[in-house]
Amino acid sequence: LRTRLQSQGYAVVTATDGEAGLKAVHEHRPDLVLLDVNMPRLDGLETCRRLKADASLPFTPVILVTALADSRDMVAGLDAGADAYITKPVDSAALMARVRSMLRTKELHDRVQDQAAERLGRLKRFFSPAVAELIAAGGVDDPLRTHRREIAMVMLDLVGFGAFSETAEPEETMGLLRQYHGEMGRLVR
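Residues numbered from 1 in each chain as written. Predicted model: local features only at pLDDT ≥ 70, side-chain atom pairs only at ≥ 80, totals over all residues. Heavy atoms only, no water.

Student: Looking at this structure, how should I read the nonpolar core?
Tutor: General note: in soluble globular proteins, nonpolar side chains tend to be found buried as a group. Ranked by internal contacts, the top residues of the largest apolar core, which has 16 residues, are Val-33, Leu-35, Cys-48, Leu-51, Val-62 and Leu-64. Residue assignment for this core shows that the elements contributing at least two residues are helix H2 (18–28), strand S1 (33–35), helix H3 (44–53) and strand S2 (62–66). Ranked by residue count, the leading element in this core is H3, at three residues. In this view, Cys-48 contacts Leu-35, Val-62, Ala-80, Gly-81 and Ala-82; residues no more than four positions away in its chain are not counted. Residues Val-65, Ile-86, Met-96 and Met-102 belong to the second largest nonpolar core, which totals eleven residues. (Core = buried A, V, L, I, M, F, W, Y, C linked by side-chain atoms within 4.5 Å. Buried < 20%, exposed > 50% of the residue type's maximum accessible area, 1.4 Å probe, protein only. Helix = DSSP H or I, 4+ residues; strand = E, 2+ residues; numbered from the N terminus. Contact = heavy atoms within 4.5 Å.)

Below, the structure is given as structure tokens:
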């Protein structure tokens, strides 16, 4: 596989088992991972699960390449998080087509992520980071949309509150504010 991929111009990093593969992915941040299911120390299914569960890694397509051709094995591989499943002996043309397809998927995913980050950056110029993230995630309506609401606003100055809060215990200050807000809230409503 290494020879086939390198002959097509791909840079290839190899690992001898699943644990070494995980280390290589963290170190090199590849755009695509090819995994055999039967590997020493940590099999391909568990390696795939760990790759897909690792929030510190960007989206990386995983192709399982294995001699296990039973449909139950394929289902297990896809359930482990693999994006594609190729059986051995590997058809070179099919492998290269699958690699190109997965790399296109990765490129599109990365492009969408970059666009989302740009949008979030623009929103953060006008909104607090928390509100900008809610807007970008679709969690709130467009805050710039014109809308009318009936509101009531009360501004009060509590005479002597500054001096009181400097000398009172925090629990006493919060208790007084809770009581005050409770009474004023009823009056405002």
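Past the structure itself, the notes keep going.
Student: Is there a simple way to explain the environment of Asp-70 in this structure?
Tutor: Its location among the elements puts Asp-70 in the loop between S2 and helix H4 (71–79). Residue Asp-70 is classed as partly exposed on the basis of its relative accessible area, which comes to 33%. The spacing of Asp-70 and Thr-87 is 17 residues in sequence and 9.5 Å in space, taken between C-alpha atoms.

Student: Hey, could you run me through the sheet that holds S1 in this one?
Tutor: Strand-to-strand pairing in sheets goes through backbone hydrogen bonds, with the strands running parallel or antiparallel. On the basis of which strands lie adjacent, the open sheet formed by three strands has the order S1-S2-S3 and parallel pairing. Strands at the two margins of the open sheet, each flanked by one partner only, are S1 and strand S3 (84–87). Neighbour-to-neighbour, the strand axes of the sheet open up by a mean angle of 25°, direction not taken into account. Pairing between S2 and S3: four bridges, direction parallel. If you follow Leu-64 over to S3, its bridge partner there is Tyr-85. (Pairing = 2+ DSSP bridges. Axes fitted to C-alpha atoms, helices over the stretch in contact; angles between N-to-C directions.)

Student: Can you walk me through unusual backbone geometry in this structure?
Tutor: Peptide bonds are, in most cases, trans, and in most cases residues other than glycine have a negative phi. The omega angle of the peptide bond from Lys-88 to Pro-89 is -5°, so this bond is cis rather than trans. Within the element layout of this structure, Pro-89 appears in the loop between S3 and helix H5 (92–124).

Student: Sorry if this is basic, but what is going on with the side chain of Asp-17 here?
Tutor: Of note, Asp-17 is situated in the loop between helix H1 (2–7) and H2. The exposure class assigned to Asp-17 is buried, which follows from its relative accessible area of 7%. Of the polar contacts made by the side chain of Asp-17, one reaches the backbone nitrogen of Glu-19; its length is 3.0 Å. From its side chain, Asp-17 meets the backbone nitrogen of Ala-20 in a polar contact 2.8 Å long. Beyond its immediate stretch of four places on either side in the chain, Asp-17 contacts Met-39, Pro-40 and Arg-41. (Polar contact = N/O pair within 3.5 Å; in protein donor to acceptor, adjacent residues only side chain to side chain.)

Student: Is there a simple way to think about the side chain of Thr-66 in this case?
Tutor: Examined against the element boundaries, Thr-66 turns out to sit in strand S2. What Thr-66 contacts, discounting residues up to four positions off in sequence, is Asp-36, Val-37, Tyr-85, Ile-86, Thr-87 and Lys-88.

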